[in-house]
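Each chain, written out:
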Protein chains: 4
Amino acid sequence: MDKLNFVSDYMEGCHPLILKRLEVINFDKNPGYGYDRYCESAADKIRKACGHPEAKIHFTIGGTSTNSTIIRAILRPSFGVLSADTGHVATHEAGAIEASGHKVLHLPEKEGKICAEQIEEYLHMFYEDSNWEHEVRPGMVYISHPTEFGTLYKKKELQDLYAVCREYHLPLFIDGARLGYGLAARDTDVRMKDIADNCDVFYVGGTKVGALLGEAVVFTNTDLEQDFFTIRKMSGAVLAKGWIIGVQFDVLFTDDNYLKISKNAIDTAMALRSGLTGKGLVPYMDSPTNQQFFTVSNEEEKRIAEFANYGFMLKPDEDHSVIRFCTSWATRMSEVEALITHF
Amino acid sequence: MDKLNFVSDYMEGCHPLILKRLEVINFDKNPGYGYDRYCESAADKIRKACGHPEAKIHFTIGGTSTNSTIIRAILRPSFGVLSADTGHVATHEAGAIEASGHKVLHLPEKEGKICAEQIEEYLHMFYEDSNWEHEVRPGMVYISHPTEFGTLYKKKELQDLYAVCREYHLPLFIDGARLGYGLAARDTDVRMKDIADNCDVFYVGGTKVGALLGEAVVFTNTDLEQDFFTIRKMSGAVLAKGWIIGVQFDVLFTDDNYLKISKNAIDTAMALRSGLTGKGLVPYMDSPTNQQFFTVSNEEEKRIAEFANYGFMLKPDEDHSVIRFCTSWATRMSEVEALITHF
Amino acid sequence: MDKLNFVSDYMEGCHPLILKRLEVINFDKNPGYGYDRYCESAADKIRKACGHPEAKIHFTIGGTSTNSTIIRAILRPSFGVLSADTGHVATHEAGAIEASGHKVLHLPEKEGKICAEQIEEYLHMFYEDSNWEHEVRPGMVYISHPTEFGTLYKKKELQDLYAVCREYHLPLFIDGARLGYGLAARDTDVRMKDIADNCDVFYVGGTKVGALLGEAVVFTNTDLEQDFFTIRKMSGAVLAKGWIIGVQFDVLFTDDNYLKISKNAIDTAMALRSGLTGKGLVPYMDSPTNQQFFTVSNEEEKRIAEFANYGFMLKPDEDHSVIRFCTSWATRMSEVEALITHF
Amino acid sequence: MDKLNFVSDYMEGCHPLILKRLEVINFDKNPGYGYDRYCESAADKIRKACGHPEAKIHFTIGGTSTNSTIIRAILRPSFGVLSADTGHVATHEAGAIEASGHKVLHLPEKEGKICAEQIEEYLHMFYEDSNWEHEVRPGMVYISHPTEFGTLYKKKELQDLYAVCREYHLPLFIDGARLGYGLAARDTDVRMKDIADNCDVFYVGGTKVGALLGEAVVFTNTDLEQDFFTIRKMSGAVLAKGWIIGVQFDVLFTDDNYLKISKNAIDTAMALRSGLTGKGLVPYMDSPTNQQFFTVSNEEEKRIAEFANYGFMLKPDEDHSVIRFCTSWATRMSEVEALITHF
């Protein structure tokens, strides 16, 4: 028997409705690069879903190139991007931000998040130093929602962050690679419109939320969108057959599919969480989304490894590890039940 | 009625066998980033097809980022890449090569190609100049096969080019975005093994030859492959769900599909060529592949525009244009016949 | 006896008044990085000399880093700089512009110059191509005055160029590495104020015109100066002991020294030109400044090489070379006389 | 009366012997870019001084561009440089390293230093993570000697560091912007040969140790020197009148001048240290070189500010600051005495 597999939320293909749609239109002839009817339709639906009818939308390919392309489009040459030290741009992008010429300025994370006060304090200290012109100037702020720890900002936290950003003229960029799982979380007070209202640019993750590939970048601050197509092209963030991404988002934003399929990840994650906790496993953090972290002893880990695949996060000491179980739009409740039973 | 459409070779989705395969494996769980069984199987088949069992294979997303990633992986910081002035890297990549820090050194093209003598002469003149250390040093050579004009190198031309490159220690990189259409051309003496034997790295185009997306990079000079995964990641040339590309190449390199479907593009292109020539249109260049260029008067162009879409290439004078008709693996002969009939 | 030496205009140290001034202030304590009284005084004098009391001035180190720093400060990520194909940024800067991420877009030179019509035609053709978003967008124009061939723009030519640039919102940058020799030329109608009036940013060359090192960058379009100090720092264009450059420009812009010492280069160049022409040498181009080019036969070159050093420019055919003789602020008329006599 | 001034070690011009030498050779004609007799002679003397007759030497302009040029010449595209989080490359270079495409990987400093165990642990943890290919790979190590806190490595510490670096094939680069002050320190067991023996490349600081400008880069690992001139040119680290730097190092490495003049900085620093400590000021750290840090109360700082300029370092709490007094080759003992007396 194959092991159970909770390694990541990008192990399966895509929602069957998408595959069916790709089949139906397979021999239609479309213009390239995202200038097609599907991208247009999907963009309209996303604009509507986030309540910003004037927003500019671009369909990109994957997280790392989306992040680095947005950042290089916004920053002046000597500017850097503020990020939690656990932010994806700070850790797992192989230097893509630096390759575009910019420093990632690390702020200590708290449950994967940073807060308005940290930004304010950083800027205060930065400009207090009379030598600031010799240092990398903070030129924008990057956060992810959900974070890399599966945690979520509250609406008030986003509003505070964005207020500080506006005060200091720092564009705020929200990485929504797993946005669906944040929106579908129980008890969150952050809706898609709140995301759109409280940043300059964000993206709606497709790769991890039901699509084969693709992210939808939404510029609510349309000034920042200038030249973005060419910067995307230069940065490897344009797909020749752009409609393949457009059509997927068109499906995802029809009939509330994006939220519906995200809800499955939440339901299975919550069941997994309470099941494993019931078996005595200790959550590493209180995550309301599809990534669930547990601190396990070496012995526990060994036992789990016999019947399940999971992600490794960090090793707090010699005797313990923090491991990650991911659910997704595709996880079946029976897999979760099997995991709990085996344990 | 919709207009006939010969704008490009990336207007349709993918070969139906691919879609079917994607459907079959849709809910299998695969490891990310290309470390899956499909990529492995596809790589084996490609290694076999090109007769280099030791070659290193990477699956990337699209042409521009594949080109810039390979080039930045090979070149030393102050080095540049020699290319025909009509080469894709020299013209239509929005500065992707320069964004990676490197200059494209232009050589005058002849039917879209450059030759061994040009390389030799360039290097001779370069090192004759006692100030060469103040200039961008040629560090590799880029050619495309087929070229941007649809033309093909002969085997002898490739061998001569590669001999000069080896003599001067310049890696030779062949952009095979349309490689299938080159291999399937009538009367060409260049087989896939000849490509592999006569360069250090090339790629097998998928996007334009039957896949939804994806290119297969083949390093026959495996020394150059060092660190390539991380450089790809940094450059936006890694797909999270890498197996989506792997499985497509696995299909394309099963049962000789890659050549078979490419042959359709050639058959339709040759029919289009002889049909339009028969109607009095003047070919701009002698292209044996799926891109066919014609020099048309403004009046002719106006007439064609009424019933067909095509690509614009250049305007040799006020009264004429050079326009392009593309066929592909998906073009039906009936479309070509309709085009000729309408004219 | 040492050979006569006309290789370049940066073979000697600096004007004796500068050395004397450096000696006088040697043990004064100055703040670093250009925030000192000498830089301030020099900037005031330069502002006055060019008739732009609001201009922003920065003192940089040498030509290549000054060029690349200005260009990277102005261009958006995917933009390029238009330059004559013989422009210094296009040829002799080892890829510094590309290393900052930008393509140099070549225009065919005419006597080292480009003209308003060329810019206009380039832009016209660029935006006519419906694929322009896939190409490097021209974002500024670079010219040098004097050019790399020693030639000069006329005032009307500059005005026309700048008019086109403003119409298309392209900043115009004038490389004045040899500006003094342009201003001191006989019969030129371009004064320093004309330079300043007809561009967005230019620099006043020090390295080649009497200083040990240093260039004075003048932003007449002060919007472009934003963040320039930090971009300079990042680009290696800030000297710790900035006053060493400031004090040199302070001397050069006192008592009209900059023009006075430049005049010596012109006087000796004109004598050299008429002397060698009188001996039968054929000027390659009509240069009114300190660089004089001659087309010589191999035999002539061999003869000259016995008693003089000169610069090599290009080889129009197997039997001839174009060689360069440079004079400078430091050239003595007796050296020129000796050259002519020996020939 | 002017205030006493201990702000930095680059406030005065240069050693009088240098100025005199510049005067003597002012009208000699030299080839450009460092290919002159003075650079050759200086390089020979430096090779001798460090006991590496085969070392390759380059003369560069200032610290920031020297650091970024060396780092970009060594690192592969996706690699980063390990540095103490207080290292100059990590803090005060306005993003120059990132602008060259590379991430600075921060290690927590201890008295401004990092140690062999930290490197080993970092590498161990890095390669333990199965996702390391998605992260910036450590490709070299940067340290400064003296550090930014004026502290020094012991010979054994350098040897241990270099042993780890060699084991992991990480080139070790030592920033010697203040090398003279490290070598002249009392009780140090690190001589110039120890520096040269225990790294792959280092530089001998001129700007802060008696020269107007200039640093001497020494490659003891000559493999790393490949293409370095062109990379320097591209990076703004070549001076047209290169001999101006060469002649300064020629003076500094004649008659042991470099060490002799450095000794003055040490003597005055030690007097300053013991004098201020005697007056009750508390040293922040035990620095044996020319930078002396003290933790002062706000009231103390206010008093000092009345009669002396100094550098600001950091603010450990609301009521205290850490301030820096610098001496240099040019500091007179009478200045130190006046400082102590005033306090």
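A word on the overall build of chain A
Check the secondary structure of chain A and you find 14 helices and 13 strands. In terms of C-alpha radius of gyration, chain A reaches 20 Å, essentially the compact-globule figure of 20 Å for 343 residues. Its C-alpha atoms put chain A at 60 × 55 × 35 Å along the principal axes. In chain A, once contacts between residues fewer than 6 apart in sequence are set aside, the share between residues at least 24 apart is 73%. For chain A, the accessible surface area stands at approximately 12300 Å², while carbon and sulfur atoms represent 50% of it. Computed over 36 positive and 49 negative side-chain charges, the separation of the two mean positions in chain A equals 6 Å.

A word on the packing of aromatic side chains
Residues and elements named next belong to chain D. This model, assessed by the stated rule, comprises 68 aromatic pairs over all chains. Ring centres 6.1 Å apart and planes at 45 degrees place the aromatic pair Phe 149 and Tyr 284 in the tilted group. With Phe 149 in the loop between strand E5 (137-144) and helix H7 (155-167) and Tyr 284 in the loop between strand E9 (282-283) and strand E10 (291-297), this residue pair connects regions lying 135 residues apart in the sequence. Residue Tyr 284 is classed as partly exposed on the basis of its relative accessible area, which comes to 32%.

Overview of the sheet that holds strand E7 (residues 201-205) of chain C
Residues and elements named next belong to chain C. Strands sit in the order E2-E8-E7-E6-E5-E3-E4 across an open sheet of 7 strands; the sheet is mixed. In this open sheet, the two edge strands, each paired with only one partner strand, are strand E2 (56-60) and strand E4 (104-107). Taken over all neighbouring pairs, the strand axes of this sheet differ in orientation by 25 degrees on average, direction set aside. When strand E5 (residues 137-144) meets strand E6 (residues 172-175), the two strands line up parallel, connected through 4 bridges. Counted as the bridge partner of Val 141 is Leu 172 from E6.

Some thoughts on the relation of the copies chain A and chain B
Placing chain A over chain B gives an RMSD of 0.0 Å and needs a rotation angle of 180 degrees, together with 0.0 Å of translation along the axis. A rotation of that kind, with that shift, is consistent with a two-fold axis. Measuring from the rotation axis to each C-alpha of chain A, the shortest distance belongs to Gly 236 of chain A, at 2.9 Å. With an isologous cut-off of 70% or more, the 100% of interface residues of chain A that recur at the interface of chain B puts this contact in the isologous class.

A look at the confidence of the model for chain A
Residues at a pLDDT of 70 or more form 100% of chain A, whose mean pLDDT is 97. Here the predicted complex scores 0.97 on pTM and 0.97 on ipTM.

Quick look at the interface of chain A and chain B
When the parts of a complex come together, some accessible area is lost, and that lost area is often used as the size of the interface. The interface is formed by 44 residues belonging to chain A together with 44 residues belonging to chain B. Taken as a group, Tyr 10, Lys 29 and Lys 241 of chain A account for 18% of the area that chain A buries against chain B, more than any other trio of residues on that side. Taken together, the links from chain A to chain B amount to 4 salt bridges. One salt bridge in this structure joins Lys 29 of chain B and Glu 12 of chain A, with 2.7 Å as the shortest N-O distance. Inspection of the chain A/chain B interface yields 20 residue pairs in polar contact (both at pLDDT 80 or more). Of all elements in the fold, only helix H1 (16-24), helix H3 (63-74), helix H5 (96-99), helix H10 (228-234) and helix H11 (243-252) of chain A reach the threshold of two or more residues within the side of chain A that touches chain B. Among the residues forming the side of chain A that touches chain B, the class breakdown is 22 nonpolar, 13 polar and 9 charged.

A look at the state of the cysteines
By definition, a disulfide links the sulfur atoms of two cysteine residues through a covalent bond. Taken as a whole, this structure holds 0 disulfides over all chains when the rule is applied. Looking at the unpaired Cys 50 of chain A, the closest cysteine sulfur is the one in Cys 199 of chain A, lying at 9.0 Å. For Cys 50 of chain A, a relative accessible area of 0% puts it in the buried group. The thiol sulfur of Cys 326 of chain D is not disulfide-bonded, and the nearest other cysteine sulfur, from Cys 14 of chain D, lies at 19 Å.

Digging into the pattern of salt bridges
A full pass over the atoms with the stated rule returns 68 salt bridges over all chains. Residues Asp 44 of chain B and Arg 47 of chain B are paired through a salt bridge, measuring 2.9 Å at the closest nitrogen-oxygen approach. Residue Asp 44 of chain B and its partner Arg 47 of chain B are located together in helix H2 (residues 37-50), separated by 3 residues, close to a single helical turn. The exposure class of Asp 44 of chain B is partly exposed, given its relative accessible area of 40%. A cluster of three or more residues bridged by salt bridges with shared partners is formed by Glu 12, Arg 332 and Glu 335 of chain A together with Lys 29 of chain B.

Re the relation of the copies chain D and chain B
The transform that puts chain D on chain B rotates by 180 degrees and translates by 0.0 Å along the axis, for an RMSD of 0.0 Å. Taken as a fraction of all interface residues of chain D, those also at the interface in chain B reach 100%, which identifies the copy contact as same-surface.

Here's the deal with helix H11 (residues 243-252) of chain C
All names here are of chain C. Here H11 lies mainly inside the structure; 10 of its 10 residues are buried. The complete set of buried residues in H11 reads Trp 243, Ile 244, Ile 245, Gly 246, Val 247, Gln 248, Phe 249, Asp 250, Val 251 and Leu 252. Of the surrounding elements, those touching the buried residues of H11 are helix H1 (16-24), helix H2 (37-49), E2, E7, strand E8 (215-219) and helix H12 (257-278).

Some points on the sheet that holds E10 of chain D
Residues and elements named next belong to chain D. Taken together, 4 strands build an open sheet; the order of strands is E9-E10-E13-E12 and the sheet is antiparallel. Each of the sheet's edge strands pairs with one partner strand only, and the pair in question is E9 and strand E12 (311-317). Pairing geometry for E10 and strand E13 (residues 320-326), over 7 bridges, is antiparallel. Across the sheet, the residue bridging to Val 296 is Ser 321, located in E13.

A look at the packing of helix H12 (residues 257-278) of chain B against helix H14 (residues 333-342) of chain B
All names here are of chain B. As a packed pair, H12 and H14 sit with axes 9 Å apart at the nearest point and diverge in direction by 10 degrees. Comparing the axis directions of H12 and H14 gives the class roughly parallel. Facing H12, whose interface residues are Asp 267, Thr 268, Ala 271, Leu 272, Gly 275 and Leu 276, H14 presents Met 333, Val 336, Leu 339 and Ile 340. Among the residues forming the contact of H12 with H14, the class breakdown is 7 nonpolar, 2 polar and 1 charged.

Comments concerning the interface of chain D and chain B
The partner chain B presents 19 residues to the 19 residues of chain D that form the contact. Both sides together, the interface formed by chain D and chain B hides about 1800 Å², and carbon and sulfur atoms give 49% of it. Per-residue buried area on chain D facing chain B is highest for Arg 76, Glu 133 and His 134 of chain D; these three make up 32% of the total on that side. Run the count over chain D and chain B and you get 4 salt bridges. Where Arg 76 of chain D meets Asp 227 of chain B, a salt bridge forms, and the shortest distance between an N and an O atom there is 2.8 Å. Our enumeration of links across chain D and chain B arrives at 14 residue pairs in polar contact (both at pLDDT 80 or more). For the side of chain D that touches chain B, the elements supplying multiple residues, two or more each, are helix H3 (63-74) and helix H10 (228-234) of chain D. When its residues are assigned to classes, the side of chain D that touches chain B shows 8 nonpolar, 4 polar and 7 charged.

Comments concerning the environment of Thr 331 of chain A
All names here are of chain A. As for its placement among the helices and strands, Thr 331 is situated in the loop between strand E13 (320-326) and helix H14 (333-342). Through-space distance from the C-alpha of Thr 331 to that of Asp 36 is 32 Å; in sequence the pair is 295 residues apart. Here Thr 331 is in contact with Phe 6, Asn 264, Thr 268 and Val 336, once residues within four sequence places are set aside.

Concerning unusual backbone geometry
Going from His 145 of chain A to Pro 146 of chain A, the amide bond is cis rather than trans, its omega being -5 degrees. Relative to the helices and strands, Pro 146 of chain A resides in the loop between strand E5 (137-144) and helix H7 (155-167). The phi torsion at Tyr 33 of chain B lies on the positive side, around 70 degrees, for a residue other than glycine. Tracing the backbone shows Tyr 33 of chain B in the loop between helix H1 (16-24) and H2.

Things to note about a negative patch on the surface
On the surface, Glu 128 of chain A together with Asp 317, Glu 318 and Asp 319 of chain D cluster together to form a negatively charged patch. Examined against the element boundaries, Glu 128 of chain A turns out to sit in helix H6 (residues 116-128).

Calculation rules
- Residues numbered from 1 in each chain as written.
- Chains lettered and ligands numbered in written order.
- Predicted model: local features only at pLDDT ≥ 70, side-chain atom pairs only at ≥ 80, totals over all residues.
- Heavy atoms only, no water.
- Helix = DSSP H or I, 4+ residues; strand = E, 2+ residues; numbered from the N terminus.
- Rg over C-alpha atoms; globule rule 2.2 N^0.38 Å.
- Contact = heavy atoms within 4.5 Å.
- Areas by Shrake-Rupley, 256 points an atom, 1.4 Å probe, with all protein chains shown as cover.
- Lys, Arg positive; Asp, Glu negative; His and termini not counted.
- Charge placed at Lys NZ, Arg CZ, Asp CG, Glu CD.
- Phe/Tyr/Trp six-rings, centres within 6.5 Å; stacked < 30°, edge-to-face > 60°.
- Buried < 20%, exposed > 50% of the residue type's maximum accessible area, 1.4 Å probe, protein only.
- Pairing = 2+ DSSP bridges.
- Axes fitted to C-alpha atoms, helices over the stretch in contact; angles between N-to-C directions.
- Least-squares fit on C-alpha atoms with pLDDT ≥ 70 in both.
- pLDDT = per-residue confidence, 0-100.
- Buried area = accessible area lost by both parts, 1.4 Å probe.
- Salt bridge = Lys/Arg side-chain N within 4 Å of Asp/Glu carboxyl O.
- Polar contact = N/O pair within 3.5 Å; in protein donor to acceptor, adjacent residues only side chain to side chain.
- Nonpolar A, V, L, I, M, F, W, Y, C, P; charged D, E, K, R; others polar.
- Disulfide = S-S within 2.5 Å.
- Parallel < 35°, antiparallel > 145°, perpendicular 65-115°, else oblique.
- Patch = residues over 30% accessible without salt bridge, like charges linked within 9 Å, V, L, I, M, F, W, Y side chains within 5 Å.

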